[in-house]
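Each chain is listed here by its residues.
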Amino acid sequence: MTEMDDLLAVNHLQTAFDTDQGLVVSVDDVSFRLKPGETLALVGESGSGKSVTALSVMQLLGKGSRIVGGKVWFEGTNVLELDDKLMREIRGNKISMIFQEPMTSLNPVLTIGYQMCESIMLHLKQSKKEAREAAIAMLRKVGLPRVEQIMDEYPLALSGGMRQRVMIAMALSCKPKVLIADEPTTALDVTVQAQIMQLMKELCEESGTAILLITHDLGVVAEMADRVLVMYAGQVVEETDVYTLFDHPEHPYTKGLLKSIPRIDADEHESLESIPGVVPVRYQNIAGCRFYNRCPIATETCKSVLPPLAITNEGHYTRCWEVGNIKEGVWEEAYE
Amino acid sequence: MNLFERYFTGRKEPQLDTDMIWPEGDESSIKLFTRRFKKHKLAVAGLGVIIILTLCAIFAPLIAPYDPTTVTESFGAAPSMDHLMGTDQVGRDQLSRLIYSARVSLSVGVGSILIAVAIGTILGLISGYFGGWIDSLIMRITDMFMAFPYIMLILVVASIVGPGLMNMIIILGVLGWPGIARLVRGNVLTLKEAEYVKASVVLGYSTPRILFHHILPNTVAPILIYATSGIAGAILDEAALSFLGLGVQPPTPSWGNMLASAQSLTVLTSQPWLWIPPGVMIILSVLSINFVGDALRDALDPKNTK
């Protein structure tokens, strides 16, 4: 498996936070590949390191956190070695990002048009007039009404769903290779969520943009993703394509997650299943499997030895001692 | 059947809301501002006074009946038809001097605050955005400037660089920035956590661009309000310094040095036309500007929904 063929290749990424108790590793040994046009979903509960992984790729970690290991290859270059100026040329241009909060992601004192044109002019080096035309075209594409008027309006005139459409238009206006969407619909009304997701999917398919989708909503995953990465306590516990994930999940955590989805056809008197316990707080000191304390099938080995992320089937990687060929003692690590 | 339908049955995918008709936007922001500003009757009157003063200053040569520095034949004359406000001890027309003084006071007020706003805003932006040791350094310098007895410092500097209008503006400007720097820094501290500032980092904008194009417009309102009251303060400072003889030098008239004549007891008791008008002008202009400042604060406050 070479890094060069993939658009984005993350290799054994480790990100840590400086705290009073010393260095706390929040993302530990995360690897994944993103091919052009593919949608990869990062799933996991709060605090599992999804957002930190995305911010590490963009190199937008705040003060007190830094990448301590691994490499992030984008189009054949390790972006972790780029200086700030070169990184700025990638951000917003080749890799763009959509945030969770559409209500506050637009500057309230600048018009929509100004904010749309700014990045187009900066990255694509277009004139003001060309940028305005491109911006109008882009706003039309995201399905906004009375586009020309909206260009001269301030964000306060738009609803949450409309603002998120503007954010998507901005993110895609420079035709990026990768779009990182960090829970793009969490703050929106349920009725608008599906529309926004659909829109993102359509536009990205059209321009061949790959999506790195961060979410904890398995419904969104089923609808959007090609491949899924399940994260638990800073590590990848399972990676596979979306159909296999829903039909043949292997890791006990993934199985637990799938069981805990509320279904509309479920029996009224049936209570919703949940995974007992919580994510361990200081998980970096755990020697064995990090899911050990909540796992229904844990053994003595699980307590003391960390399972590898091993290949269990073609394109299916799982981090569990109790699964298929890993249990039999023959395995190959997924990312060398 | 796709996965979504298999796992989350019973939901139909809704249509896009492209055809939705949106009502025309609310009251425009300028209209809203005017409406709120007009609620302050005193501020509207104050604005009127400021406009009249500004016009007087600009068209002084056309309005003033005499040249403010020309000595006439009557010394210390009481108001008459020839000299509506009388003449001073050396025989210059008091009304003309009063009109010309508006030039000095307004240029000192506006000029010094422009310098102070420029320095204060830039330092505040840098300090707030970068934080860390840069912030500490700038804030300690600000503390130092604030800890100095203000009038003393101005007096010392004025006596070193010498009195005069330009020096006056520069001194007041260079000493006036700490308050603005603190104000802007405080604003930037909250603004830099805003999602839209993070979004502009993600869009690959350079730091100066983020500072001046995305953060600065959000701090304009508080700066404007602060600057307004700053103008009033600078006018008072100029008057005080000129009164003490370290400000604008005669024969150039200023309200401050006109008041200085009241230092003599005879003038104070027997020639009130020499010191009451400049005193009234100072009070009137400072009050007007402060009223306008108050109204601006209410009108520009985004939390105000009235």
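The name given to chain B in an unreviewed UniProt entry is Peptide ABC transporter permease, with the source organism recorded as Paenibacillus antarcticus. As stated in UniProt under Subcellular location (unreviewed entry), the record for chain B gives "Cell membrane".

The next subject is the overall build of chain A. Helix and strand content of chain A: twelve helices and twelve strands. Relative to the 2.2 N^0.38 estimate, which gives 20 Å for 336 residues, the radius of gyration of chain A is 21 Å and therefore close to what a compact globule would have. Here the C-alpha coordinates of chain A stretch approximately 65 × 55 × 40 Å along the principal axes. Looking at chain A alone, contacts between residues at least 24 apart form 61% of all its contacts between residues at least 6 apart. Carbon and sulfur atoms make up 52% of the accessible area of chain A, which amounts to about 14,500 Å² in all. Counting 32 positive and 47 negative side-chain charges, chain A places the centres of these two groups 7 Å from one another.

We now examine the confidence of the model for chain B. Residues and elements named next belong to chain B. Here chain B averages 81 in pLDDT, and 88% of its residues register 70 or above. Of all the helices and strands in chain B, helix α1 (residues 3-7) carries the lowest mean pLDDT, 59, while helix α9 (residues 177-191) carries the highest, 91. Taken together, the stretch residues 10-25 has pLDDT below 50 and engages in 21 contacts with residues farther than four places along the chain or on a different chain. Quick note on the complex model: pTM equals 0.73, ipTM equals 0.71.

Residue and element names in this part refer to chain A. With respect to the secondary-structure elements, R33 resides in strand β2 (residues 22-34). Overall, the relative accessible area of 9% leaves R33 in the buried class. Among the polar contacts made by the side chain of R33, one reaches the main-chain carbonyl oxygen of V10 at a distance of 3.5 Å. At 2.9 Å, the side chain of R33 and the side chain of N11 are in polar contact.

Attention now goes to the sheet that holds strand β1 (residues 8-19) of chain A. A sheet is described by the order of its strands in space; here four strands give the open sequence β2-β1-β4-β5 (chain A), paired in antiparallel fashion. The open sheet has two edge strands with one neighbour each: β2 and β5 (77-78) of chain A.

The next point concerns the sheet that holds strand β12 (residues 316-318) of chain A. Whenever strands of a sheet pair, they do so through backbone hydrogen bonds, lying parallel or antiparallel. All names here are of chain A. A sheet is described by the order of its strands in space; here eight strands give the open sequence β6-β7-β8-β3-β9-β10-β12-β11, paired in mixed fashion. Strand pairing shows two members of the sheet lacking a second neighbour, β6 (95-98) and β11 (310-313), which therefore form its edges. When strand polarity is set aside, the average angle formed by the axes of neighbouring strands in this sheet is 20°. Pairing geometry for strand β3 (residues 39-43) and strand β8 (residues 210-215), over five bridges, is parallel.

Okay, helix α7 (residues 150-161) of chain B next. All names here are of chain B. With twelve residues, α7 ought to run about 16 Å at 1.5 Å a step, and its terminal C-alpha atoms sit 16 Å apart, in line with that. Every buried residue of α7 is accounted for by L153, I154 and A158. The buried residues of α7 occupy one face: seen down the axis, they fall within an arc of 125°. For α7, the elements touching its buried residues are α8 (165-175) and α11 (207-243).

What follows covers the UniProt feature "domain: ABC transmembrane type-1" (unreviewed entry) in chain B. The feature "domain: ABC transmembrane type-1" (unreviewed entry), as annotated in UniProt, sits at residues 102-293 of chain B in this numbering. Within residues 102-293 of chain B, the helical portion is 82% and the strand portion 0%, while the C-alpha atoms at the span's ends are 19 Å from each other.

Turning next to the UniProt feature "transmembrane region" (unreviewed entry) in chain B. Residues and elements named next belong to chain B. As recorded in UniProt, the feature "transmembrane region" (unreviewed entry) lies at residues 42-64, 106-130, 150-177 and 273-293. Its end C-alpha atoms 36 Å apart, residues 106-130 is made of 100% helix and 0% strand. Annotated as 86% helix and 0% strand, the span residues 273-293 places its first and last C-alpha atoms 31 Å apart.

Residues and elements named next belong to chain A. If you check the backbone angles, E75 has positive phi at about 50° while not being a glycine. Mapped onto the fold, E75 is located in the loop between β4 (65-74) and β5. In this structure, K125 is a non-glycine residue whose phi angle is positive, near 50°. A relative accessible area of 68% means that K125 is categorised as exposed.

Our focus in this paragraph is the nonpolar core. Residue and element names in this part refer to chain A. Counting 112 residues, the largest nonpolar core has L139 and I180 as the members making the most contacts within it. Once residues lying within four places of it in the same chain are set aside, the contact partners of L139 are I112, M116, L144, V147, I150, M151, V166 and A169. Core analysis: the second largest hydrophobic core is formed by 28 residues, L218, A222, V228 and V279 among them.

To continue, consider the packing of aromatic side chains. Applying the stated criterion to the full structure yields six aromatic pairs over all chains. Considering the side-chain rings of Y232(A) and F291(A), the 5.0 Å spacing of their centres and the 85° angle between planes classify their relative orientation as edge-to-face. Residue Y232(A) is found in strand β9 (residues 227-232), and its partner F291(A) is found in the loop between α10 (252-259) and α11 (300-304); the two are separated by 59 residues along the sequence. Of the residues examined, F291(A) reaches a relative accessible area of 2% and is grouped as buried. Centroid distance Y253(A) to F291(A): 5.3 Å. Interplanar angle 70°. Geometry classified as edge-to-face. In this pair, Y253(A) sits in helix α10 while F291(A) sits in the loop between α10 and α11, placing the two residues 38 residues apart along the sequence. No difference in accessibility class separates Y253(A) from F291(A), as the two residues are buried. Taking the ring centre of Y205(B) as reference, the NZ or CZ of R209(B) above it sits at 5.7 Å.

What counts and how
- Residues numbered from 1 in each chain as written.
- Chains lettered and ligands numbered in written order.
- Predicted model: local features only at pLDDT ≥ 70, side-chain atom pairs only at ≥ 80, totals over all residues.
- Heavy atoms only, no water.
- UniProt positions renumbered as here; feature names shortened; annotations may be inferred.
- Helix = DSSP H or I, 4+ residues; strand = E, 2+ residues; numbered from the N terminus.
- Rg over C-alpha atoms; globule rule 2.2 N^0.38 Å.
- Contact = heavy atoms within 4.5 Å.
- Areas by Shrake-Rupley, 256 points an atom, 1.4 Å probe, with all protein chains shown as cover.
- Lys, Arg positive; Asp, Glu negative; His and termini not counted.
- Charge placed at Lys NZ, Arg CZ, Asp CG, Glu CD.
- pLDDT = per-residue confidence, 0-100.
- Buried < 20%, exposed > 50% of the residue type's maximum accessible area, 1.4 Å probe, protein only.
- Polar contact = N/O pair within 3.5 Å; in protein donor to acceptor, adjacent residues only side chain to side chain.
- Pairing = 2+ DSSP bridges.
- Axes fitted to C-alpha atoms, helices over the stretch in contact; angles between N-to-C directions.
- Expected span 1.5 Å × (residues − 1).
- Arc of directions from axis to C-beta.
- Core = buried A, V, L, I, M, F, W, Y, C linked by side-chain atoms within 4.5 Å.
- Phe/Tyr/Trp six-rings, centres within 6.5 Å; stacked < 30°, edge-to-face > 60°.
- Lys NZ or Arg CZ within 6 Å of the ring centre and 35° of its normal.

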